[in-house]
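Survey of secondary and tertiary structure
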There are 2 protein chains.
Amino acid sequence: MVNTLFLPELREMLAENNRAELEEFCVTLNPGRTAEFMEGLSNDEAWQVLQFAEADRRAEIFSYFEEDRQLELLELQSAKQVAKLVEEIPPDDRIDLIQQLGDERVAEIMPLLPIEDRRNIQRLGCYEDESAGGLMTTDVAMLTESLTVRQALDELAKQASDLETIYYLYVVDNDRSLRGIVSTRQLISSLNHPERTLGEMMESDVVVALVTEDQESVAEKVERYNLLAIPVVDSRHKLLGIITHDDVIDVLREEYTEDAQRIAAVAPLEENYLQIALFTLSWKRGLWLTILFFAAILTAVALEHYHQETEKYGWLVAFIPLIISAGGNSGSQSATLVITAMTSGQLALKDWRTVMRREVIVSLMLGGFLALIGFIVATLLAPSLYASLVIPLTLLAVIMVGCFFGALLPMMFQRLGLDPAMMSNPFVAGIVDILGIVIYINIARLMLG
Amino acid sequence: MVNTLFLPELREMLAENNRAELEEFCVTLNPGRTAEFMEGLSNDEAWQVLQFAEADRRAEIFSYFEEDRQLELLELQSAKQVAKLVEEIPPDDRIDLIQQLGDERVAEIMPLLPIEDRRNIQRLGCYEDESAGGLMTTDVAMLTESLTVRQALDELAKQASDLETIYYLYVVDNDRSLRGIVSTRQLISSLNHPERTLGEMMESDVVVALVTEDQESVAEKVERYNLLAIPVVDSRHKLLGIITHDDVIDVLREEYTEDAQRIAAVAPLEENYLQIALFTLSWKRGLWLTILFFAAILTAVALEHYHQETEKYGWLVAFIPLIISAGGNSGSQSATLVITAMTSGQLALKDWRTVMRREVIVSLMLGGFLALIGFIVATLLAPSLYASLVIPLTLLAVIMVGCFFGALLPMMFQRLGLDPAMMSNPFVAGIVDILGIVIYINIARLMLG
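Residues numbered from 1 in each chain as written. Chains lettered and ligands numbered in written order. Predicted model: local features only at pLDDT ≥ 70, side-chain atom pairs only at ≥ 80, totals over all residues. Heavy atoms only, no water.

Chain A carries the name Magnesium transporter MgtE in an unreviewed UniProt entry, which gives Stieleria varia as its organism. Word for word, the UniProt comment on chain A under Subunit (unreviewed entry) is "Homodimer." What UniProt states about chain A under its Function (unreviewed entry) heading is, verbatim, "Acts as a magnesium transporter." (UniProt positions renumbered as here; feature names shortened; annotations may be inferred.)

As C-alpha cells, then:
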C-alpha cells in the first residue's frame, strides 16, 4: 500500500526546487510518516528530498525506508553525501547496512568518515550478528557517580540530541566499568533535590547482557524485566553499549518467525522470503523434506511387509491416508502446543507428568469422537459391521499415539538440549506414520484373522 | 528454575521479624530480581515480606510474581492490605487482575479503594480485552501548550513517581483533546531554552490508536514507528490513555503464539496451555481436526473409487503414505513460509506472481530430488523398471501441487479477508491429499494400462 497522497505535490516541489516547502515537508511530520509519503518516489527523487532535511532528521527519515531502498541509495548516490548520511545513522543500524554494501563501496565511503566513526564501525563489525554485540548501539549516556542531579541533567541536555535513548543514565567509573543505573524518571522526580548525586540514587543491581550473549536470551531479559534498554558489558563488566527496546522487538519477531518455520520443518531462512536465493531456499526446505521422506519410505517398507493383508482385505487400503493423517495431525497439534507453551514460558520440563496426563485425556476425547465418525464411514465401505470396527479402534489408538509422542518429543528434545521446534515435527511424523500402519494392520489381523 | 539462594536468609529474617534487613531486601535489588528471590517462599511468607516494602515498590515487586500467585494473594490476604496494594498497581495491570478475581472478593475490595480508582476500574472494565482500550493505562502526563520547558519539567518532576511512563508528554487542550506530543528527550535537550513553550516544540502529527482498535494493529504501529508508547484516543480525539512498549511486547508474543497454533490447526487457546480446561482444549483442537478428518474421508472415498487399480497393482499401495506425506509436507512448508512472510511484512499480495514463479522453480528442484530417491526405492518394490517410473513421476507432480497450493491459498485467504494462518493448513492438506491420490492412480493407469 504505497501512500500516493502527496506524490504530485512532492514532485512539483522538486521540479520547482521549492526549498521552503521541501524543508517543511521534512520537518513537520513524524519521520516515519514522512518516509511513507516518499514511498512512491524514485530513489533519485527520494534522495533529492532528503537533502532538504537537516543531517540528523535526514538519517531518521532514511531509517524508515525499506531496506532495499536504503541499500540502493547508499550504493548509488554520491559518496560524499552518502558519507555525511552514514555519519548520522545510529551505530547499530549503520553496521548492519555497511555489512550489506559492496566492499568497493565501503572502501570509498570509509575514508570520508570521521576517524571515531570508522573505528566504531570496525569494532562493531567484529561481533556475531545474532549476539548482544551485534545488536548494540554505542551511543550511551555514560556519567560518573559524583555528578549531582543538576549536573547530570545539564550533561544530558548536551548529549540528548546525539543519543538514541536517554531514558537510562549509566554510571561508570574511570575504566568505563558499569557501576549502576539511574533512570531519567528518577532523575526528573529528584529535581527538588538538585544536590543528590547519581551515586546515591543509582540502582547497582543492574540487569546486563554479556557482549557474546545470544540475542534470544537478551530479548528474554528485556521482556522479563520490562526494560527500555539493556546495557551490554564485556567479561570485565566494562560498558560497551546498549540494546534498545525497538531492536528487541525485531529480535522477537525474528525468533518467532524462525520458530514457525522450524515447526513446519524448514530450516530458518535468515533472509527475506522474496529475496533468498532459490537454491538456498530449496536446500533449507529439502534437508528436512528428505528426512521426512526417508521416514515415509519406512512406512512404505512396512506396508510392503504387510502386502498379504492389504491384498486379502482390499477395502482396508482406502483408509490408509485417513488413519495416517489423523495420527499426524493430532501429533502436530500436540507438538505445536507444547513447543509454543515452552517458548512463552508457560510450561517447564518439570510439568511433564501433567502434560502427558492431560494429553492422554484429550486424545481419548478427540480419538473417541473421530472414531465415531470413522465408524459410520467404515460401515459403508467394509464388508461387515464387525469388520468395520477395525477403523474406529485403529483411529482411537493412532490418535492416542499421535498426542503422546507429539507432546513427549518436544520435551525430550528440550531436555537433551536440542531445539524442540526444529526436531519434533519430523520425528513425530515418522514415528506416528509407521506406528499407525503397524497398529492398523495388526488390529485388522487380530479381528479379521 | 526457582532461585533458592536467599531463601534460608529470608525465612530467618521473617522469623526474627528483622525489619531493617527486610526493608533493605525490598529496596536494593531490581524489583524483578527481588520477586525472583521470593519465588521459593509460600504465598503467606511472600505477602509478609511485601509488607516491608513501601507502597509503590510493593506493587512493583508484586507485578513480577507469576500470575497465579498474584491472584492467590489478592483472593486470600486481608482485604484491607489487598486494597492498599491494588491502589498502587498501574491501571492497565490492575483491571486485568480484577477481572480474574471472584465477584465476592471484588465486592469486598472495591469499597476500600479511593473513589477515583473505583471509577477508573469501572471505566477500563468496559473495553474489549483485545482492543487498545483493554491494554491502555490511564496514568499519562498531560500538559497544556502554554507551559514552558522549565514549567513542564517542574510539573513532570511532581508527577514522575506516579506515572508508568514519562518519556512522552502529551499536550492537550481543555477538553483533553490531543494536540501534540513532546518527548522527554526533546524537553531535556531544550533545557538551554527554558522559555520555549510546549506548543512551539510539539510534534502535532501524532501516531495514535483508536480506543476500539485491535491490539494487533496497535502493536504494528508501535513497531513500525519505533515508539515507546502510543496514545489512545476516542473518536473525537480525546486522550484516554497510553499503551506502553512492554504491553506491546506481550501482544506480539500472544499474536505469534496464536499464529503458530493456527498454523498447526489449533484454534488459539487464549489461556495457559497447562491451565486451560481439557474440554475446551479438546474443542479447540477437535474443531479443525474434524475438518481435516472430513478432508481425509474424501481421500478414502477417492481411493475406494479406484479399488480396481489398487487391487490390480497391489505394489502401488505401499507408496500411498509416501506420496501423500511428500505432498502434504511440501505444501505446509510453502504455506508456513508465505504466512510468516506476510505476517512480518516481507511479502505483500501484489508480489503473488513472484511468489508463484519462485515456488514452481523450488518445487521442481525439491520434487526432482525426492523423485530420484523415490525412483531408487521403487525399483526394489515394483515389478519392472518401467512400472517403477510411476513413483518418481507422481512424486514430482504431487510436490509441485503441494507447493503451488501451499503458496497460493494463504494469499487467497488474505485477499478474501480471512485469516491465512487459520485457514490454509486444512485446505492445503485436503486439496493435496485428494489430488495426490487422483494423480497417483491416473499416472499408474496411463503407464500400466
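So, on to the packing of aromatic side chains. Going through the model one piece at a time under the given rule, you end up with 14 aromatic pairs over all chains. When the ring of Trp-315 of chain B is compared with that of Phe-319 of chain B, the centres are 6.3 Å apart and the planes differ by 80°; the resulting orientation is edge-to-face. Considered together, Trp-315 of chain B and Phe-319 of chain B belong to a single accessibility category, that of buried residues. Against the face of Phe-65 of chain A rests Arg-69 of chain A, its NZ or CZ located 5.5 Å from the ring centre. (Phe/Tyr/Trp six-rings, centres within 6.5 Å; stacked < 30°, edge-to-face > 60°. Buried < 20%, exposed > 50% of the residue type's maximum accessible area, 1.4 Å probe, protein only. Lys NZ or Arg CZ within 6 Å of the ring centre and 35° of its normal.)

The next thing to look at is the pairing of strand β6 (residues 239–244) of chain B. All names here are of chain B. Counted residue by residue, β6 has six buried out of six residues, so it is predominantly covered. Alignment of strand β5 (residues 229–233) against β6, held across five bridges, turns out to be antiparallel. By the bridge assignment for β6, Val-233 is matched with Leu-239. Adjacent in sequence and paired antiparallel, β5 and β6 are bridged by five residues, among which His-237 carries a positive phi angle near 65°. (Helix = DSSP H or I, 4+ residues; strand = E, 2+ residues; numbered from the N terminus. Pairing = 2+ DSSP bridges.)

Attention shifts here to helix α2 (residues 19–28) of chain B. Residues and elements named next belong to chain B. Residues Leu-22, Phe-25 and Cys-26 constitute the buried set of α2. The arc that holds the buried residues of α2, viewed along the axis, is 90°, so those residues lie on one side. Residues Ala-20 and Val-27 are exposed on α2 and point more than 90 degrees away from its buried face. (Arc of directions from axis to C-beta.)

Residue and element names in this part refer to chain B. Its identity is not glycine, yet Arg-176 carries a phi of approximately 60°, on the positive side. Among the secondary structure elements, Arg-176 is positioned in the loop between β2 (168–172) and β3 (178–183). Despite not being glycine, Asn-226 has its phi angle at roughly 50°, a positive value. Tracing the chain through its elements places Asn-226 in the loop between α15 (215–224) and β5. Looking at Asn-226, the relative accessible area reads 34%, which means it is partly exposed.

On the surface, Arg-119, Arg-123, Arg-176, Arg-236 and Lys-238 of chain A cluster together into a patch of positive charge. Mapping Lys-238 of chain A onto the fold places it in the loop between β5 (229–233) and β6 (239–244). (Patch = residues over 30% accessible without salt bridge, like charges linked within 9 Å, V, L, I, M, F, W, Y side chains within 5 Å. Areas by Shrake-Rupley, 256 points an atom, 1.4 Å probe, with all protein chains shown as cover. Salt bridge = Lys/Arg side-chain N within 4 Å of Asp/Glu carboxyl O. Lys, Arg positive; Asp, Glu negative; His and termini not counted. Charge placed at Lys NZ, Arg CZ, Asp CG, Glu CD.)

Let's shift gears to the UniProt feature "transmembrane region" (unreviewed entry) in chain A. All names here are of chain A. Feature annotation in UniProt places "transmembrane region" (unreviewed entry) on residues 286–303, 360–383, 389–413 and 425–443, given in this structure's numbering. Secondary structure content for residues 360–383 is 92% helix and 0% strand, while the C-alpha to C-alpha distance between its ends is 32 Å. The distance separating the terminal C-alpha atoms of residues 389–413 is 36 Å; by composition the span is 96% helix and 0% strand.

Pairing between side chains becomes possible if they bear opposite charge and their charged atoms approach one another. Under the defined criterion, the tally for this structure stands at 32 salt bridges over all chains. A salt bridge links Arg-262 of chain B to Asp-419 of chain B; its shortest N-O distance comes to 3.2 Å. Remark: Asp-419 of chain B occurs in the loop between α22 (390–415) and α23 (420–448) and Arg-262 of chain B occurs in helix α16 (residues 245–263); sequence separation between them is 157 residues. One continuous salt-bridge network, built from bridges that share partners, spans Glu-258, Asp-259, Arg-262 and Asp-419 of chain A.

Soluble globular proteins: nonpolar side chains tend toward being buried together. Residues Met-38 of chain A together with Met-38 of chain B are the most contacted members of the largest nonpolar core, which totals 188 residues. When near neighbours in sequence (up to four residues on either side) are disregarded, Met-38 of chain B contacts Leu-10, Phe-25, Ala-46, Val-49, Leu-50, Ile-61, Phe-65 and Arg-69 of chain B. Residues Leu-316, Val-317 and Ile-324 of chain A together with Ala-300 of chain B belong to the second largest nonpolar core, which totals 117 residues. (Core = buried A, V, L, I, M, F, W, Y, C linked by side-chain atoms within 4.5 Å. Contact = heavy atoms within 4.5 Å.)

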